[in-house]
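# Observations on the three-dimensional arrangement
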Amino acid sequence: MYKYEMHLHSSACSACAFSDARKYIDEAIETGYAGMVFTNHFYHGNTAVSRLLPWEDFVGAFRDDYLRAKEYGESKGIDVLFGIEEVYEEGSGKEILIYGLSPEDLLGCPDFLHFNVYEMSDFVRNNGGYVVCAHPFRRRDYIPDPDLVPDPSFMDAVEIYNFANSEEDDQKAVQFADIHQLPGISGGDVHTACNFGQAGLAFYERISDNSHLVQALKEGRYRMIRNGEIV
């Protein structure tokens, strides 16, 4: 099987990250991963990119970091895909992972930063993407109501294992996914290279591009990785 980290932050775009994109690719080689999806904190999250920039330059910073990683990954035989993590309700600290969009999709939609979660979800799905509710019941100081139950209608899946979460938080996510019959995914929420290799998804084939990733997610052609083990 082919292991991919599905939730990862690089220091160029996420203010809370400590490792640059190239370091993760080196770690992927060391830990036997085939690739990763960069899901840096976007406009309403803990971004390292200035919100004062024009939209083209703001999105361009994410695109450029991704392309540098992709080029280095290709030279090392590691697949690199583009995604983002975005706060979906202002002030809530609640976030979604977005897969399947390209930087060009975002560049062409400056209204994206004003979308509510339903408009955001519609935009992602209409452009061939996939929406995952990230660590839905995480307890942190920046999340005023960690027990707030999200509306399942805007999501395609739930992150039911997050390496940075407590077991209790993850179990609540499992129960939520079960009740609403939503598939689950695993993500490392990696902010430093030393935590790479503990989570993610193991696919039955290598993932060639965004559309291939979304198709494999929709069809459930994967197994979870927990604490470094495929389960």
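Data block above holds the structure.
Residues numbered from 1 in each chain as written. Predicted model: local features only at pLDDT ≥ 70, side-chain atom pairs only at ≥ 80, totals over all residues. Heavy atoms only, no water.

### Re empty space enclosed by the protein
Tallied over the full model, the rule gives one cavity of 30 Å³ or more. Counted as a void, the largest cavity has a volume near 40 Å³. Lining the largest cavity are Phe38, Asn40, Phe62, Asp65, Tyr66, Phe82 and Gly83. Those elements that place two or more of their residues in the lining of the largest cavity are strand 2 (35–41), helix 2 (55–76) and strand 3 (79–87). Per-element tally for the lining of the largest cavity: the top contributor is helix 2, with three residues. Across the lining of the largest cavity, the residue classes tally to four nonpolar, two polar and one charged. (1 Å grid on protein atoms, 1.4 Å probe; cavity = no way out; pocket = protein on both sides within 12 Å on 5 of 7 lines; lining within 4 Å. Points joined across faces, edges and corners; volume = space filled by probe spheres on them. Helix = DSSP H or I, 4+ residues; strand = E, 2+ residues; numbered from the N terminus. Nonpolar A, V, L, I, M, F, W, Y, C, P; charged D, E, K, R; others polar.)

### Topic: unusual backbone geometry
You will see that Gln181, though not glycine, has its phi angle at about 55°, which is positive. Within the element layout of this structure, Gln181 appears in the loop between helix 5 (167–179) and strand 7 (184–187). With a phi close to 50°, Asn227 is a non-glycine residue in the positive phi region. In this structure, Asn227 sits in the loop between strand 9 (222–226) and strand 10 (229–230).

### A word on the sheet that holds strand 8 (residues 200–203)
Taking strand neighbours across the sheet as the criterion, the ten strands line up as 7-6-5-4-3-2-1-8-9-10 in an open arrangement whose pairing is mixed. Sheet topology places strand 7 and strand 10 at the edges, where each strand pairs with a single neighbour. Relative to strand 5 (residues 130–134), strand 4 (residues 95–99) runs antiparallel, the two being bridged by five bridges. Bridged to Glu95 within strand 5 is Ala134. Across the face of the sheet, helix 4 (residues 117–126) comes into contact with strand 3, strand 4 and strand 5 while running at roughly 15° to strand 4. (Pairing = 2+ DSSP bridges. Contact = heavy atoms within 4.5 Å. Axes fitted to C-alpha atoms, helices over the stretch in contact; angles between N-to-C directions.)

### Here's the deal with the pattern of salt bridges
What the rule picks out here adds up to twelve salt bridges. In this structure, the salt-bridge partner of Arg125 is Asp156, at a minimum N-O distance of 3.1 Å. Separated by 31 residues along the polypeptide, Arg125 in helix 4 and Asp156 in the loop between strand 5 and strand 6 (157–162) bring together distant segments of the chain. With a shortest N-O distance of 3.0 Å, Asp147 and Lys172 are connected by a salt bridge. (Salt bridge = Lys/Arg side-chain N within 4 Å of Asp/Glu carboxyl O.)

### Details of a nonpolar patch on the surface
A cluster of nonpolar side chains, contributed by Met1, Tyr204 and Ile230, occupies part of the molecular surface with about 290 Å² of accessible area. Of the residues examined, Ile230 reaches a relative accessible area of 33% and is grouped as partly exposed. (Patch = residues over 30% accessible without salt bridge, like charges linked within 9 Å, V, L, I, M, F, W, Y side chains within 5 Å. Areas by Shrake-Rupley, 256 points an atom, 1.4 Å probe, with all protein chains shown as cover. Buried < 20%, exposed > 50% of the residue type's maximum accessible area, 1.4 Å probe, protein only.)

### Describing the layout of surface pockets
Roughly 240 Å³ of volume is contained in the largest pocket. Taken together, 18 residues line the largest pocket, and the ones lying closest to its centre are Cys16, Arg138, Tyr142, Asp189 and His191. Residue composition of the lining of the largest pocket, by class: five nonpolar, eight polar and five charged.

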